[in-house]
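Architecture at a glance
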Amino acid sequence: MKVTVYGPGCARCQRTAEVVQQVLVARGIPVELEKVTDYAAMAVAGVMATPGVALDGRLVSTGKLPTVAEVESWLG
């Protein structure tokens, strides 16, 4: 699964990437992690507040640090 984390590289953005990756690895889902720090690219993706997270191109969260439970809910 391709995970895209949008943000300037702050601690919250790094922690977001760690939480999402942790959940996917625990489920045995291969992870391709991409970090986008360009503000123009974030705007095009619809991210107005960071961190933002997209799974396989689908924006699932913006502006908050997701919990493990939230990440689990994104996976269905």
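Everything discussed here concerns the structure shown above.
Residues numbered from 1 in each chain as written. Predicted model: local features only at pLDDT ≥ 70, side-chain atom pairs only at ≥ 80, totals over all residues. Heavy atoms only, no water.

**Description of the overall build of the protein**
What counts is decided by this rule: Under the scheme used here, helices are H or I runs from DSSP no shorter than 4 residues and strands are E runs no shorter than 2 residues, and both carry numbers assigned from the N terminus. As defined in this context, the radius of gyration uses C-alpha atoms, and a globule is described by 2.2 Å times the residue total to the power 0.38. Exposure classes here rest on a 1.4 Å probe applied to the protein chains alone. A residue is buried below 20% of its type maximum, exposed above 50%, and partly exposed in between. A contact between two residues is defined here by any heavy atoms of the two lying within 4.5 Å. Per-residue and other accessible areas follow the Shrake-Rupley method at a 1.4 Å probe size, with only the shown protein chains counted as cover for residues. Positive charges come from Lys and Arg, negative ones from Asp and Glu, while His and the chain ends are left out of the count. Working definition for charges: the position is that of NZ of Lys, CZ of Arg, CG of Asp or CD of Glu.
Scanning the protein from N- to C-terminus turns up 3 helices and 4 strands. N-terminal to C-terminal, the α/β element order of the protein is β-α-β-α-β-β-α. The globule rule puts the C-alpha radius of gyration for 76 residues at 11 Å, and the 11 Å found for the protein is close to it. With respect to the three principal axes, the spread of C-alpha positions in the protein is 35 × 20 × 15 Å. Relative to its full complement of 76 residues, the protein shows a buried share of 33%. Taking all contacts inside the protein whose residues are at least 6 apart in sequence as the whole, residues at least 24 apart take part in 66%. For the protein, the exposed area adds up to about 4,200 Å²; of that, 54% sits on carbon and sulfur atoms. Within the protein, one finds 7 positive and 7 negative side-chain charges whose respective centroids are separated by 5 Å.

**Here we look at the nonpolar core**
The condition that has to hold: Here, nonpolar core refers to any group of buried Ala, Val, Leu, Ile, Met, Phe, Trp, Tyr and Cys residues whose side-chain atoms link them within 4.5 Å.
Residues Val3, Val20, Val53, Leu55, Val71 and Trp74 are the most contacted members of the largest nonpolar core, which totals 13 residues. When contributions to this core are tallied by element, the ones reaching two or more residues are strand E1 (2-6), helix H1 (11-26), strand E3 (52-55) and helix H3 (68-75). Tallying contributions element by element places H1 first for this core, with 6 residues. If sequence neighbours within four positions are ignored, Val71 has contacts with Val19, Val20, Val23 and Pro66.

**Quick word on the pairing of strand E4 (residues 58-62)**
So the rule is basically this: In this analysis, strands are considered paired if DSSP registers two or more bridges between them.
Relative to E4, E3 runs antiparallel, the two sharing 4 bridges. Note on E4: the bridge partner recorded for Val53 is Ser61. Taken together, E3 and the strand that follows it, E4, pair antiparallel across an intervening segment of 2 residues, in which Asp56 is found at a positive phi of about 50°.

**Describing the pattern of salt bridges**
Between side chains of opposite charge, a pair can form as their charged atoms come close. Our working definition: Salt bridge criterion: a side-chain nitrogen from Lys or Arg within 4 Å of a carboxyl oxygen from Asp or Glu.
Within the structure shown, the criterion is met by 4 salt bridges. Where Glu34 meets Lys2, a salt bridge forms, and the shortest distance between an N and an O atom there is 3.3 Å. In this pair, Glu34 sits in strand E2 (residues 32-36) while Lys2 sits in strand E1, placing the two residues 32 residues apart along the sequence. A relative accessible area of 32% means that Lys2 is categorised as partly exposed. Taking the shortest distance from any N to any O, the salt bridge between Lys64 and Glu70 comes out at 2.5 Å. For Glu70, a relative accessible area of 22% corresponds to the partly exposed category.

Spatial relationships are all this shows, so hold off on functional conclusions.
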